[in-house]
Each structure stands twice: as structure tokens, then as C-alpha cells.
Amino acid sequence: MDTIYALASARGKAGVAVIRASGPRAQHVCVQLTGKSLDGPKPSLRRLRDSDGVLLDEALVLFFAKGHSFTGEDVIELQTHGSPAIVNSVLAELGQIDGVRLAEPGEFTRRALENGRMDLAQVEGLADLIEAETEAQRQQALRVFDGAIGMRVEAWRTDLIRAAALLEATIDFADEDIPVDVTPEVKELTCGVLSQVTKEVTGAHAAERVRDGFEVAILGEPNVGKSTLLNALAGREAAITSSVAGTTRDVIEVRMDLSGLPVTFLDTAGLRETQDEVEAIGIERALKRAGHADLRVVLTEGGKLPPGVDLGPDVLVVAGKADVETGGEVSGATGQGISELVEEVTSRLENKASGASLAIRARHAEALKTGATSLQNALDELDRGMERSELAAEELRIGIRALESLVGRIDVETLLDEIFASFCLGK
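Going along each chain's sequence as written, the residues are numbered from 1 onward. Only residues with pLDDT of at least 70 get local features here, since the model is predicted, and only at 80 or more are side-chain atom pairs given and counted; chain-wide, interface and lining totals rely on the full set of residues. As a rule here, side-chain values cover all heavy atoms of the structure and leave hydrogens and water aside.

A. A look at the overall build of the protein chain. Here a helix means four or more residues in a row that DSSP labels H or I, a strand means two or more in a row labelled E, and each is numbered from the N terminus. Along the protein chain, the regular secondary structure elements total 14 helices and 11 strands. Every one of the 427 residues in the protein chain was classed for burial, and the buried ones make up 48%. Contact criterion: two residues are considered in contact whenever any of their non-hydrogen atoms come within 4.5 Å of each other. A separation threshold of at least 6 residues defines the contact pool for the protein chain, and within that pool the share at least 24 residues apart is 62%. Under the convention used here, a 1.4 Å probe and the Shrake-Rupley method define accessible areas, while residue burial counts only the protein chains that appear. Carbon and sulfur atoms make up 49% of the accessible area of the protein chain, which totals about 20900 Å². Three labels apply to residues, based on accessible area from a 1.4 Å probe with only protein chains included: buried if under 20% of the type maximum, exposed if over 50%, partly exposed otherwise in between.

Set out below in C-alpha cells:
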């Protein structure tokens, strides 16, 4: 296997830059740049020189032995000064060393997977951890990266393999008298796993929203103060405000962090009957986008609901223009009621997020759904009698394979390119 190298820290000026080399020639890289190897784990301050002996930089050099590194291979890490010129010169010198090449995107992490240092779910958790922008995203990604899915799958797998083995025994010795009826234990084990898997499926949507962000649509009739409210929430002029009705024609988005939750507020076109073709398109888009939002804040004036809006559990009705209207609750112009509105929105979204499972990606949810369906099928077959044991055992095997796909224990080659494509070179 080739020895690969890449800049692991972000490009640009910085106090320190981190350059990694991983593979069988990692120590050779150290010798080429510093003149001698680094055998132990203790960091060493070394001078880096090119092939002509010209000084490149003075760097802190660390060695991670095979089996004790991120990739599972020998790894040399160079902590240089963060000058772009220094980084480029060191990378150029690494490219001249025989048997050493620039890493492809995600290749360090892919080697960690191939060498058993991480499972597939942990790889995805790491990608999400790198992309995390809010505290909730960090906590969720860290749980997955820490191996929570793998531990859960292993527990499920143990119970299902036990259940399948019991059924296999009844099939293998069908012509003999088996002293104990295994059906109750098989059902108990299968039902226990099915209950947990179903719970994870139920919380999958909330987990995806924490990962990708919640959406809150602001709806109302024209000139009721939606854009002014959005600007007040954003703390900037994100949307054009005007006394002319129908100013907003498209959906305007503002992304915010509410108590650690990623939230995108949507300012939409005013809802009314109109003959203006462009405005009508904006209203259609507003209703369609709002229909997919996690929460809809409906601004009213005089207690009148705008056309096309139905009340429901995900609808928060608020009286607008509190600065000029009697009975108003919120005003984007003066800030009145803004903090209370934000608290209510945050509370509702936190309630949704509280049910989040570990299935943070659509792939996870699909695997869990497939597994749950197979386990339910197995139970249905058992209810039809022990003569259906072979069919029940096969459904259990399908369920096990589906759940194992969460952590990559079966053939996942078709998933790898898509997953690792999101990684940068240094990972």
C-alpha cells in the first residue's frame, strides 16, 4: 500500500499547520526530511530540509506506530509554522519522495475503516462532526463518531443470532424430539430488538433535522410585518421591507443558532388572492415550502388567518404589529415580543429534537426500516406455526444483514465513494 500525505489543517495563514504521512514509508519520510527516524511516541523538535539540504522549517514531529494511529498504519505528523509558503514547500518535497503520493479526498479515513479502526457509521459521524456548526449537531455527531451505533448494532446482532440459532436447531433436528419449545425465547429476543429498532426509526426524522437544520416558515397576509420580523430575528436587513403590499416574491432564508439547534427562518410571500402572475407564483412557492417546514409562524392582523393556512400542532399563531395594533404580540420594528417568540420557537423545536435517534442519515433510517420489516415478518411466520421455522429464520438473517449494514459489516463498496467524497484531503 502506498504511503500517502496531505495537509490535515485548513489552508491559509495560521500559527501552526499539520501535515500527515501515513503508510509503510512513514518513517522513511521522517528520515528524508529530518535526517533520522523517530522511533518512540515522544514528540521531537526537528529541522526539515529538502533533498539539497536547504532548510524548510523547524517543526514538531510526532510518530504514531501501526495500530496506534488514526489510520491504523505508521503515521508521521509534522506540525510546521502555518505560512502558506512553508506548507507548499514541505508538500512539494514530500511529493518528490519515492513511494509517497498525495492522498485522495477522505483516504486517511478510508484507511482507518479498512484497517478496523472505525466502522462505517463512525466514518459518517466524523464527517458530520467536521461539518457541525451548532452544539446540538456537535453532540449528535460525537455520539455516532464515538461508536454508539456500533455498540447498539452489536447488542441487537447478539440477540438475533441467538434467536436464529435456536430456529436453526429446530430445522436441523426436525426429525428428532426437541425437549424444549424454543418459540417463546425466539419471540422474546426478536420482539426486544424490534421494539428498540422501531424506536430508532421513529426518531430518525428528528435526528436528520438536527443534522441538516430545522426550518421555520413565517406566513401571513401582505404587509403584516413578516420581512420586518425576519430582519429583527437576523439582526440585519436580510429582506426588503416596504409599505407596498406584495414586496416579497420569493422565499428568503436566514440561518440561525437557537440554543444549539440549527434553524433556518423562511420569509415568504404574502398570502392573498391576486391576479399578478409573478406574485401568484411566489404565493404558491410560499405554501409549498411552508408545508415542508418543521414549524409555521403565522403573523395575523386583527385576528384574521391568511388564506391557505390551516391550524395544527406545528402552527404558531402570533398577532403582529404590536407597535401599532391593539392586542399585538410581536413587532419586528420595535423588537417587542421577539425574545418571547424565540423562546417559544426554541421550546417547540427542542421538544422535536428530544426524540432524535442515532439514525442521523437517510441510509441509517432505510436500514433500520428494512431490519424492522424483516423482524416483524419473522414474528408473523412464527405465529403461523413451527412448520414455518425456515421462513422465519431467513427473515431473521435478512434483518441481521440490514442492521449490520449500518456499521459496514457487509459489502458496502457501493456506498464508500459517495461517503468519502465529502471529506477533504487531510482526512
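B. Just the packing of aromatic side chains, in detail. Any Phe, Tyr or Trp ring, taking Trp's six-membered ring, that has another such ring centre within 6.5 Å forms a pair; planes under 30 degrees apart are called stacked, those over 60 apart edge-to-face, and the others tilted. Scanning all chains against the criterion turns up 0 aromatic pairs. Sitting over a ring, as applied to charges here, requires NZ of Lys or CZ of Arg to be within 6 Å of the ring centre and within 35 degrees of the ring normal. A cation over a ring is seen here: Arg 20 above Phe 70, with NZ or CZ 5.5 Å from the ring centre.

C. Main features of the side chain of Thr 300. Within the element layout of this structure, Thr 300 appears in strand β10 (residues 295-300). Discounting chain neighbours no more than four positions away, the residues touching Thr 300 are Val 224, Leu 305, Val 317, Val 318, Ala 319 and Gly 320.

D. Spatial organisation of helix α10 (residues 277-292). Relative to the 22 Å expected for 16 residues at 1.5 Å per residue, α10 spans 23 Å between its end C-alpha atoms, a close match to the ideal helical length. If you check which residues of α10 are buried, you get Glu 279, Gly 282, Ile 283, Ala 286 and Ala 290. Down the axis, α10 shows its buried residues gathered within 100 degrees of arc, on one side only. The exposed residues of α10 that point more than 90 degrees off its buried face are Glu 277, Glu 284, Lys 288, Gly 291 and His 292. Residues of α10 that are buried in the fold lie against β7 (214-220) and β10. Given a helix with a known number of residues, its expected span is that number minus one, times 1.5 Å. Summarising the geometry, the arc corresponds to the directions from the helix axis toward the C-beta atoms.

E. Highlighting the environment of His 81. Considering the arrangement of structural elements, one finds His 81 in strand β5 (residues 75-82). Counting along the chain gives 22 residues from His 81 to Ala 59, while the straight-line C-alpha distance between them is 7.1 Å. Discounting chain neighbours no more than four positions away, the residues touching His 81 are Gly 15, Val 16, Ala 17, Asp 57, Glu 58, Ile 86 and Val 87. Here Asp 57 takes part through its side chain, which lies 2.8 Å from a polar atom of the side chain of His 81. Polar contacts here mean pairs of N or O atoms no more than 3.5 Å apart (in protein, one a potential hydrogen donor and the other a potential acceptor; neighbouring residues in sequence count only if both atoms are side-chain atoms).

F. Structural context of a nonpolar patch on the surface. Residues qualify for a patch when their relative accessible area is over 30% and they have no salt bridge, like charges being joined within 9 Å and the nonpolar side chains of Val, Leu, Ile, Met, Phe, Trp and Tyr within 5 Å. Any Lys or Arg side-chain nitrogen located within 4 Å of an Asp or Glu carboxyl oxygen qualifies as a salt bridge. A grouping of Leu 305, Leu 311 and Val 317 is seen on the molecular surface, where their side chains present a nonpolar patch of about 250 Å² in accessible area. With respect to the secondary-structure elements, Leu 311 resides in the loop between β10 and β11 (315-319).

G. Representation of the sheet that holds strand β8 (residues 252-258). The criterion for strand pairing is that DSSP finds at least two bridges linking the strands in question. Pairing is mixed in the open sheet, where 5 strands are placed in the order β8-β9-β7-β10-β11. Because the sheet does not close on itself, it has two edges, and the strands there are β8 and β11. Between one strand axis and the next, the sheet turns by 25 degrees as a mean value, whatever way the strands run. In this structure, β8 lies alongside strand β9 (residues 261-267), joined through 7 bridges in antiparallel fashion. Within the sheet, the bridge partner assigned to Asp 257 lies in β9 and is Pro 262. Fitting a line to C-alpha atoms yields each axis, with helices limited to the stretch in contact; the angle taken between N-to-C directions then spans 0 to 180 degrees. The strands that helix α9 (residues 226-234) touches are β7, β8, β9 and β10; relative to β7, the one it contacts most, it runs at about 145 degrees. Across the face of the sheet, helix α11 (residues 338-353) comes into contact with β7, β8, β9, β10 and β11 while running at roughly 175 degrees to β11.

H. Spatial organisation of the pairing of strand β4 (residues 55-64). Pairing between strand β3 (residues 44-49) and β4: 6 bridges, direction antiparallel. Residue pairing for β4: Arg 47 is matched across the bridge by Glu 58. The turn joining β3 and β4, which pair antiparallel and follow one another in sequence, is formed by 5 residues; a positive phi near 85 degrees is taken by Gly 53. As paired strands, β4 and β5 are joined by 5 bridges and run antiparallel to one another. Residue Val 61 lies in a different strand from β5, and its bridge partner there is Leu 78.

I. The sheet that holds strand β6 (residues 100-102), seen in detail. Reading across from one edge, β3-β4-β5-β2-β1-β6 is the order of the 6 strands in this open sheet, with mixed pairing throughout. Each having just a single partner strand, β3 and β6 make up the two edges of the open sheet. Recorded for the sheet is a direction-independent mean angle of 30 degrees between the axes of neighbouring strands. In the packing of helix α2 (residues 84-94) onto the sheet, contacts are made with β1 (3-7), β2 (14-22), β3, β4, β5 and β6, and the angle to β5 comes to roughly 150 degrees.

J. Inspection of the packing of helix α4 (residues 120-131) against helix α5 (residues 135-145) at higher detail. Contact pair α4 / α5: the axes reach a minimum separation of 7 Å and the direction vectors enclose 155 degrees. In terms of axis orientation, α4 runs roughly antiparallel to α5. Between α4 and α5 lies a crossing of left-handed hand. In this structure, α4 uses Ala 121, Gln 122, Gly 125, Leu 126, Asp 128 and Leu 129 to contact α5, whose residues at the interface are Arg 138, Ala 141, Leu 142, Val 144 and Phe 145. Of the residues belonging to the contact of α4 with α5, the class tally is 7 nonpolar, 2 polar and 2 charged. If an angle is under 35 degrees, it is roughly parallel; if it is over 145, roughly antiparallel; if it lies from 65 to 115, roughly perpendicular; otherwise it is oblique. Note on convention: near helix rotated counterclockwise from far helix by under a right angle means a left-handed crossing. Clockwise means right-handed. Each residue is assigned to one of three groups, with Ala, Val, Leu, Ile, Met, Phe, Trp, Tyr, Cys and Pro labelled nonpolar, Asp, Glu, Lys and Arg labelled charged, and all others, Gly among them, labelled polar.

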